[in-house]
Amino acid sequence: MNKAQPLPMRYDPRELSDEELVARAHGELFHVTRAYEELMRRYQRTLFNVCARYLGNDRDADDVCQEVMLKVLYGLKNFEGKSKFKTWLYSITYNECITQYRKERRKRRLMDALSLDPLEEASEEKTPKMEDRGGLDRWLVHVNPIDREILVLRFVAELEFQEIADIMHMGLSATKMRYKRALDRLREKFALDTES
């Protein structure tokens, strides 16, 4: 078995590309985490923003971010680089958000079913509603979860349509079509709100 040449230990992670950091992480993990930490530092804020906008509250977003960072830590050694690191990261994020969203929906349905007064249960929710926030969040509530994720990946994560299609396991034309329809729906909603 041929061993790859070891990379020099002294380097500034901030000067390396994502691909170079991934190569470093392959050789370093789990004894040294410098390359991994730099990758997470680069994407941490956007990662959190994607999760918060998709899930609608900071608490769940924080939980999902922690889970994503753990999955990246343990999965990085097996990441083969067939896609960009950024695409792989947001693919993990998307899947974790979907899992969390479903879990919360099941939990709400169960609480409503167990509650004697489902309306009272719903009014006691302490999670902030997206309508209470300004900007993009205010409008994302008007589209379905799949379209919301497409918009978040496009505007918050700043991914290309092909990357979004890959992450969501959809065709490129279907992704673009859903994106356009979601924007049209939001434009109509915005026009109605400004008229009233």
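First, a word on what this report is: a plain description of the structure on this page. Quantities reported herein were computed from a predicted structural model and do not represent experimental measurements.

Observations concerning the overall build of the protein chain
Summing up its helical and strand segments, the protein chain has nine helices and zero strands in all. Out of the 196 residues belonging to the protein chain, those deemed buried represent 39%. Taking all contacts inside the protein chain whose residues are at least 6 apart in sequence as the whole, residues at least 24 apart take part in 61%. Total accessible area computed for the protein chain in this model is approximately 12,400 Å², and 52% of it derives from carbon and sulfur atoms.

Here we look at the nonpolar core
Val72, Leu76, Phe85 and Tyr90 are the most contacted members of the largest nonpolar core, which has 52 residues in total. With near-sequence residues (within four places) excluded, leucine 76 lies in contact with Val22, Ala25, His26, Leu29, Tyr36, Leu39, Phe85 and Trp88.

Some thoughts on the environment of leucine 172
Tracing the backbone shows leucine 172 in helix H9 (residues 172–195). Among all residues touching leucine 172, those that are not within four sequence positions of it are Phe161, Gln162 and Ala165.

Some details on the packing of aromatic side chains
By the definition in use, this model includes nine aromatic pairs. Measuring from centroid to centroid gives 5.8 Å for tyrosine 43 and phenylalanine 85, while their planes differ by 50°, and the two rings are tilted. You can see tyrosine 43 sitting in helix H2 (residues 34–55) and its partner phenylalanine 85 sitting in helix H4 (residues 85–114), a full 42 residues away along the chain. Note on tyrosine 43: relative accessible area 12%, which makes it buried. Both rings, one in phenylalanine 161 and one in tyrosine 179, keep their centres 4.8 Å apart while their planes meet at 70°; by these two values the pair is edge-to-face. One end of the pair, phenylalanine 161, is in helix H8 (residues 161–168); the other, tyrosine 179, is in helix H9, with 18 residues separating them in the sequence. Among the residues examined, phenylalanine 161 registers a relative accessible area of 15% and is labelled buried. Clustering of aromatic rings is evident, with ring pairs tying together Tyr43, Phe79, Phe85, Trp88 and Tyr90. The side chain of arginine 24 reaches across the aromatic face of tyrosine 11, ending 4.0 Å from its centre.

Focus: the side chain of glutamate 38
Its location among the elements puts glutamate 38 in helix H2. On the basis of relative accessible area, glutamate 38 is assigned to the buried category, the value being 5%. For glutamate 38, the residues in contact, after removing those within four places along its chain, are Pro13, Arg14 and Leu21.

Concerning helix H3 (residues 58–75)
Taking 1.5 Å per residue, 18 residues should reach 26 Å; H3 reaches 25 Å between its end C-alpha atoms and fits that length. Where H3 is concerned, the buried positions are Asp60, Ala61, Val64, Cys65, Val68, Met69, Val72, Leu73 and Gly75. You can read the cap of H3 off the contacts: a side-chain oxygen lies 3.3 Å from the backbone nitrogen of arginine 59, and it is on asparagine 57.

Describing the packing of helix H7 (residues 145–155) against H8
Running from N to C, H7 and H8 cross one another at 140°; their axes reach a closest spacing of 10 Å. Relative to H8, the element H7 lies oblique. Seen along the crossing, H7 lies across H8 with a hand that is right-handed. Here Ile146, Glu149, Ile150, Leu153 and Arg154 of H7 come into contact with H8, specifically with Phe161, Ile164, Ile167 and Met168.

Examining the packing of helix H1 (residues 18–28) against H2
Viewed as axis vectors pointing N to C, H1 and H2 meet at an angle of 145°, and their least axial separation amounts to 7 Å. Like other packed secondary-structure pairs, H1 and H2 cross with a definite hand, here left-handed. Touching Asp18, Leu21, Val22, Arg24, Ala25 and Glu28 of H1 are Arg34, Ala35, Glu38, Leu39, Arg42 and Tyr43, all from H2. Looking at the contact of H1 with H2 residue by residue, the classes come out as six nonpolar, no polar and six charged.

About the thresholds
Residues numbered from 1 in each chain as written. Predicted model: local features only at pLDDT ≥ 70, side-chain atom pairs only at ≥ 80, totals over all residues. Heavy atoms only, no water. Helix = DSSP H or I, 4+ residues; strand = E, 2+ residues; numbered from the N terminus. Buried < 20%, exposed > 50% of the residue type's maximum accessible area, 1.4 Å probe, protein only. Contact = heavy atoms within 4.5 Å. Areas by Shrake-Rupley, 256 points an atom, 1.4 Å probe, with all protein chains shown as cover. Core = buried A, V, L, I, M, F, W, Y, C linked by side-chain atoms within 4.5 Å. Phe/Tyr/Trp six-rings, centres within 6.5 Å; stacked < 30°, edge-to-face > 60°. Lys NZ or Arg CZ within 6 Å of the ring centre and 35° of its normal. Expected span 1.5 Å × (residues − 1). Polar contact = N/O pair within 3.5 Å; in protein donor to acceptor, adjacent residues only side chain to side chain. Axes fitted to C-alpha atoms, helices over the stretch in contact; angles between N-to-C directions. Parallel < 35°, antiparallel > 145°, perpendicular 65-115°, else oblique. Left-handed = near helix turned anticlockwise from the far one by under 90°. Nonpolar A, V, L, I, M, F, W, Y, C, P; charged D, E, K, R; others polar.

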